Amino acid sequence: MAKQDLLHRFLFEQHAVRGEMINVDETFQQILNNHDYPDAVKGLLGELLVATSLLTATLKFDGDITVQIQGDGPVNLAVINGNNLQQMRGVARINGPVVAGSTLKQMIGNGYMVITITPNQGERYQGIVAIEGETLEECIDAYFMQSEQLPTRLFIRVGESEGKAIAGGMLLQVLPAADEDSHDIFDHLVQLTATIKGEELSALDVKEVLHRLYHEEDVTLYDPQSVEFRCTCSRERCESTLMTLPEEDVIDILQKDGKIDMECEYCGSHYVFIESDIQGLKNVQNQQLH
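Everything numeric in this text was worked out from a predicted model, so none of it was measured.

Engineer: A description of the overall build of the protein should follow, citing residues and the corresponding values.
Structural biologist: Scanning the protein for helices and strands turns up 10 helices and 13 strands. Here the protein holds 290 residues, and 46% of them are scored as buried. In the protein, once contacts between residues fewer than 6 apart in sequence are set aside, the share between residues at least 24 apart is 61%. Carbon and sulfur atoms provide 47% of the accessible area of the protein, an area that totals close to 15,200 Å². Treating the 21 positive side-chain charges of the protein as one cloud and the 46 negative ones as another, the clouds have centres 4 Å apart.

What follows is the structure in structure tokens.
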């Protein structure tokens, strides 16, 4: 049975600082399964997945979140979609050769990171940060400095263990009620947390990790939240898309190929429509109009 991906929240009892620890090995593997990405792109998607999960857990909202990076480099898009239930999916689009060991800036070129939060109720929020740092961690730090008054640090660890992709990370954040002492202790806790290794996040129990890092601190650990790969594609969504296309384009594809085969770029699912399917959709559309 596959190990379940989990997000753990914890609190330093003596200080106004909270934390999160996450392991998303299985979710990461499922995002990679249907694609043949270069290693550097795999790493970028893993980092984005960890960052999105940790970000989602810091935000109090019910709804969807998208963290995407786009630019004019060989990787023109890398995106993770998720929600408050920690259901994640992701994809990258590549339009040129990606050299092994490429940095974020070398892959994306001139670009920016866009974080979009769409609550089920309320206003949509979007934050945009130019990609100026060499790592995703630096970009996220810049985002927090720009949008949050609370000092926040992310630690992202992506790599390989026993031939399998692994991804995990940690987040520390000063609480709103913090005093000056808390800011000093925050810097100390950041230094401790920075020593965490990806293999430890992947292989060790959360209590052991917290003890290794913070054995002199009084840490309260809360019940975990599961993280999983979940694609939101469906035949109904494809039908809606087809009905927005110009009719001549649909007819042209049907005449050329005998069918319309729509593939989800996230999970690889195929939705096939033949002429009678399209006619049925048009009939339903006409009935709704009259």
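Engineer: Could you give me a rundown of the side chain of Thr56, with the residues and numbers involved?
Structural biologist: Locating Thr56 in the fold gives a position in helix 2 (residues 39-58). We classify Thr56 as buried; its relative accessible area is 4%. Looking at Thr56, its side chain comes within polar contact range of the main-chain oxygen of Thr52, at 2.6 Å.

Engineer: An account of the packing of helix 2 against helix 4 (residues 136-147) is requested, with residue identities and associated values reported.
Structural biologist: The geometry of helix 2 relative to helix 4 is characterised by a closest axis approach of 10 Å and an angle of 25 degrees between their N-to-C directions. In terms of orientation, helix 2 and helix 4 fall into the roughly parallel class. Crossing of helix 2 against helix 4: the hand is right-handed. From helix 2, Glu47, Leu48, Ala51, Leu55 and Thr58 reach across to helix 4, where they touch Leu136, Ile140, Tyr143 and Phe144. Along the lines of polarity and charge, the residues of the contact of helix 2 with helix 4 split into seven nonpolar, one polar and one charged.

Engineer: Residue-level account of the pairing of strand 5 (residues 87-94), with values.
Structural biologist: Taking burial as the measure, the eight residues of strand 5 include six buried ones, the bulk of the element. Here strand 4 (residues 75-83) runs beside strand 5; their pairing, made up of six bridges, is antiparallel. Of the residues in strand 5, the one forming a bridge with Asn81 is Arg89. Bridge count between strand 5 and strand 11 (residues 225-229): two bridges; the pairing is parallel. Pairing of Met88 across the sheet is with Phe229, part of strand 11.

Engineer: So what about the packing of helix 1 (residues 25-32) against helix 2? Which residues, and what values?
Structural biologist: Packed helices, taken two at a time, are described by the angle between their axes plus the distance between the axes. Two elements in contact, helix 1 and helix 2, have axes separated by 10 Å at closest approach and are oriented at 135 degrees. Between helix 1 and helix 2, the interaxial angle falls into the category oblique. Note on packing geometry: the crossing formed by helix 1 with helix 2 is right-handed. Of the residues in helix 2, those touching helix 1 at Thr27, Phe28, Ile31 and Leu32 are Lys42, Leu45, Gly46 and Leu49. Residues belonging to the contact of helix 1 with helix 2 are distributed by class as follows: five nonpolar, two polar and one charged.

Basis of the calculations
Residues numbered from 1 in each chain as written. Predicted model: local features only at pLDDT ≥ 70, side-chain atom pairs only at ≥ 80, totals over all residues. Heavy atoms only, no water. Helix = DSSP H or I, 4+ residues; strand = E, 2+ residues; numbered from the N terminus. Buried < 20%, exposed > 50% of the residue type's maximum accessible area, 1.4 Å probe, protein only. Contact = heavy atoms within 4.5 Å. Areas by Shrake-Rupley, 256 points an atom, 1.4 Å probe, with all protein chains shown as cover. Lys, Arg positive; Asp, Glu negative; His and termini not counted. Charge placed at Lys NZ, Arg CZ, Asp CG, Glu CD. Polar contact = N/O pair within 3.5 Å; in protein donor to acceptor, adjacent residues only side chain to side chain. Axes fitted to C-alpha atoms, helices over the stretch in contact; angles between N-to-C directions. Parallel < 35°, antiparallel > 145°, perpendicular 65-115°, else oblique. Left-handed = near helix turned anticlockwise from the far one by under 90°. Nonpolar A, V, L, I, M, F, W, Y, C, P; charged D, E, K, R; others polar. Pairing = 2+ DSSP bridges.

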